[in-house]
Amino acid sequence: MGERIRALRTARAMTATDLAKAASVTPGLISQVERGITDPSLETLRRIARVLDTPVFNLFQDTDLERVAVVRRDRRTALRSPHGEITYQRVSAGAGKIEVLEGLLDAGTVSSETGWSHPSDECVLVLAGQLVLEVDGERYDLDRGDSASFDSLLPHRYLNETDEPTRFLLSVAPPGY
């Protein structure tokens, strides 16, 4: 991931300090991430990806994709929030026009403290458990098998108000930031 961030940063003629300032992190953190010394939080990755104008999971992308890309269950790219409340595994291979993620949201947790937005459309399908979707301050209660589609430019987040983990499938087009 660090090498990919460095490559994207240098392709945009940015210094590590430029990227750090734009992403509201320290230059030292950017240096450590690029050298593989530390792993940034999900929120930090979102900010870095936004500055680099690329979807978060493209920071993990293998650039040598085949015509038909098979992603084996045990080889999925995973991303976990800083406190482990939510985990995403990329089901799609990346570099396409759609990103498909399997999400796991722990009991009694939220995907982010506040809603966030990015230029995409999302469709979420609840695979197991119950999920609350908040979009632009409105609440949508979803049960297993329910789905919802929305414009990701609207601030949104996912909540699990139950005492069991919730699994869901998330499709984002174009791949989100």
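Residues numbered from 1 in each chain as written. Predicted model: local features only at pLDDT ≥ 70, side-chain atom pairs only at ≥ 80, totals over all residues. Heavy atoms only, no water.

Thoughts on the overall build of the chain
Right, on to step 1. The secondary structure content of the chain amounts to four helices and nine strands.
Right, on to step 2. Element order for the chain, N to C, with α for helix and β for strand: α-α-α-α-β-β-β-β-β-β-β-β-β.
Right, on to step 3. Taken over C-alpha atoms, the radius of gyration comes to 16 Å for the chain, in line with the 16 Å a tight globule of 177 residues would show.
Right, on to step 4. By principal-axis analysis of the C-alpha atoms, the chain measures approximately 45 × 35 × 25 Å.
Right, on to step 5. Per-residue burial for the chain yields a buried fraction of 42% across its 177 residues. (Helix = DSSP H or I, 4+ residues; strand = E, 2+ residues; numbered from the N terminus. Rg over C-alpha atoms; globule rule 2.2 N^0.38 Å. Buried < 20%, exposed > 50% of the residue type's maximum accessible area, 1.4 Å probe, protein only.)

Concerning the nonpolar core
Right, on to step 1. Counting 34 residues, the largest nonpolar core has Tyr88, Val124 and Tyr158 as its most contacted members.
Right, on to step 2. A total of four residues in this core trace back to one element, the largest contributor, which is helix H4 (residues 42-51). (Core = buried A, V, L, I, M, F, W, Y, C linked by side-chain atoms within 4.5 Å.)

Here's the deal with the pattern of salt bridges
Right, on to step 1. Applying the stated criterion across every chain, the model contains eight salt bridges.
Right, on to step 2. The shortest N-O distance in the salt bridge between Glu34 and Arg6 comes to 3.5 Å. Placement of the pair is Glu34 in helix H3 (residues 27-34) and Arg6 in helix H1 (residues 2-11), with a sequence separation of 28 residues.
Right, on to step 3. Judged by its relative accessible area of 31%, Arg6 is partly exposed.
Right, on to step 4. Asp141 is the partner of Arg139 in a salt bridge, and the nearest nitrogen-oxygen pair spans 3.0 Å. (Salt bridge = Lys/Arg side-chain N within 4 Å of Asp/Glu carboxyl O.)

Considering the side chain of His156
Right, on to step 1. By the element assignment, His156 lies in strand E8 (residues 156-159).
Right, on to step 2. Looking at His156, the relative accessible area reads 2%, which means it is buried.
Right, on to step 3. Side-chain polar atoms of His156 contact the side chain of Glu122, separated by 2.9 Å.
Right, on to step 4. In this structure the side chain of His156 is engaged in a polar contact, spanning 2.9 Å, whose partner is the backbone oxygen of Leu154. (Polar contact = N/O pair within 3.5 Å; in protein donor to acceptor, adjacent residues only side chain to side chain.)

So, the environment of Thr15
Right, on to step 1. Mapped onto the fold, Thr15 is located in the loop between H1 and helix H2 (16-23).
Right, on to step 2. According to the relative accessible area criterion, Thr15 is partly exposed, its value standing at 40%.
Right, on to step 3. Put simply, Thr15 and Ile30 are 15 residues apart on the chain and 10.0 Å apart in space, counted from C-alpha to C-alpha.

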